[in-house]
Amino acid sequence: MFVDEGNVLSLGGQKIGLDSGDASVCFVSHAHSDHTQPLKARGRKIIASSETLALAGFQANGNLVETPAVLDEVELKMLESGHVLGAKQLRAEHDGRVFAYTGDFKLRDGLTTKKAEVVECDTLLIEGTYGESGTIFPDRMLVFEEMKKWVDEGMENGSVLFGGYAIGKAQELVKFLNDYCRVAPLVSGKIEQACRVYEKFGVKLDCVSASSAEGEELKKKNFTAVLPHYQVEKGLAAKLCGVYGKPFRTALATGWANKRMFDVDEVFPISDHADFAEIIEYVEASKAKEIICCHGNEENLARELRSRGHNARARGEAMQMRLVSL
Ligand SMILES: [Zn+2]
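Structural notes, computed from the coordinates.

Procedures and definitions
Residues numbered from 1 in each chain as written. Predicted model: local features only at pLDDT ≥ 70, side-chain atom pairs only at ≥ 80, totals over all residues. Heavy atoms only, no water. Donors = N, O, S within 2.8 Å, 3.2 Å for Na, K, Ca; no water. Tetrahedral: all angles 85-135°; square planar, octahedral: opposite > 155°, others 65-115°. Helix = DSSP H or I, 4+ residues; strand = E, 2+ residues; numbered from the N terminus. Buried < 20%, exposed > 50% of the residue type's maximum accessible area, 1.4 Å probe, protein only. Core = buried A, V, L, I, M, F, W, Y, C linked by side-chain atoms within 4.5 Å. Contact = heavy atoms within 4.5 Å. Disulfide = S-S within 2.5 Å. Pairing = 2+ DSSP bridges. Axes fitted to C-alpha atoms, helices over the stretch in contact; angles between N-to-C directions.

Turning our attention to the coordination of the zinc ion. Distances from the zinc ion to its protein donors, namely H30 (NE2), H32 (ND1), H83 (NE2) and D104 (OD), fall within the range 2.2 to 2.4 Å. Around the zinc ion sit four donor atoms, and with donor-metal-donor angles ranging over 89 to 172° the site reads as irregular. Of note, the zinc ion draws all its donor residues from one chain, in the sequence arrangement H-x1-H-x50-H-x20-D. One end of the pair, H32, is in the loop between β4 (25-27) and α1 (37-40); the other, H83, is in the loop between β7 (74-80) and β8 (88-94), and 51 residues separate them in sequence. Of the residues examined, H83 reaches a relative accessible area of 2% and is grouped as buried.

Below, the structure is given as structure tokens:
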């Protein structure tokens, strides 16, 4: 059992690209563009959820592997990862040994996703986006209460702009505005497309296209909007204030809230990734004997895990060790 630097798993006689197009069989954990490379590569057999394929706009042409499946004596199964709609982990078993890849995951429920299931395994490949020991997110529902107060205040004499990733965060922001603030926000094109996919798979979201006639009507009153994160900044608020003659508040929802500077009025710590405590919780509950850290702060996370007595290494370190042993 081995994972190379290109994120390709070798297990039995089978090779599987893990969010990587470097094998003939590829697993796509979710629809964020840094994980969908296999969908752009030619002639790959794809393991992915229907939700992921719909969000990525991918039309399968007989190249889907339906799971659970057995390929070359390797048993494959997908499990929830709790990251965004349709995001999955991969469990692969061969000859009594179990491998698990978390993909991007979190161990807490969101408004539009259920938390990840922990996979008991021998070897665990785990993401380390927030693999620093100080990174702990507050209770999500308490943050939503704070956000509600902030929206209510902003709507008294103006409008409110939220920014987030177009797939995942934006839909949770729409759901938050529906459920906590009882408003249907304006959304831009790509976010609306993803909202429609969420709805197709049973997640009810009430939003209005910013470019529709209904959207134009909404803009005449105080309104809320959910836009891609890179569009929301104070400069946009100032421009809109000039057009509509009322103040605009800006906010982002991101796990980087306390770590990076953003040009907005408020940053709320809502993440679709596991924080450090969730990563440790997953590792311990998985009972993995070998842990490989990937995606993000992998060297640091591997060090932290080793200091807690785990057999852990960063993905790159695993490659170096193998080369030395050859
Ligand atoms: Zn992601």
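Before going further, it helps to examine the nonpolar core. Within the largest apolar cluster, 35 residues are counted, with the highest numbers of intra-cluster contacts made by L55, M147, V151, F162, F176 and V226. Residue assignment for this core shows that the elements contributing at least two residues are α3 (140-157), β11 (159-164), α4 (169-179), α5 (189-200) and β15 (248-253). Beyond its immediate sequence surroundings of up to four residues, F176 is in contact with L111, F144, M147, K148, V151, F162 and C181. Judged by nonpolar contacts, the second largest core, of 23 residues, contains A274, I291, C293 and L301.

Enumeration according to the criterion identifies zero disulfides in this entry. Here C26 is not cross-linked by a disulfide; its sulfur's nearest cysteine counterpart is in C294, at 16 Å. For C26, a relative accessible area of 0% puts it in the buried group.

Time to look at the sheet that holds β11. Pairing in this open sheet of six strands is parallel, and the strands run β13-β12-β14-β11-β15-β16 from one edge to the other. Edge strands, defined here as strands with exactly one partner in the open sheet, are β13 (208-209) and β16 (266-268). Pairing analysis gives five bridges linking β11 to β15, with the strands arranged parallel. The partner of V160 across the bridge, within β15, is R249. Lying on the sheet, helix α7 (residues 234-244) is in contact with β11, β14 (224-228) and β15; it crosses β15 at an angle near 150°.

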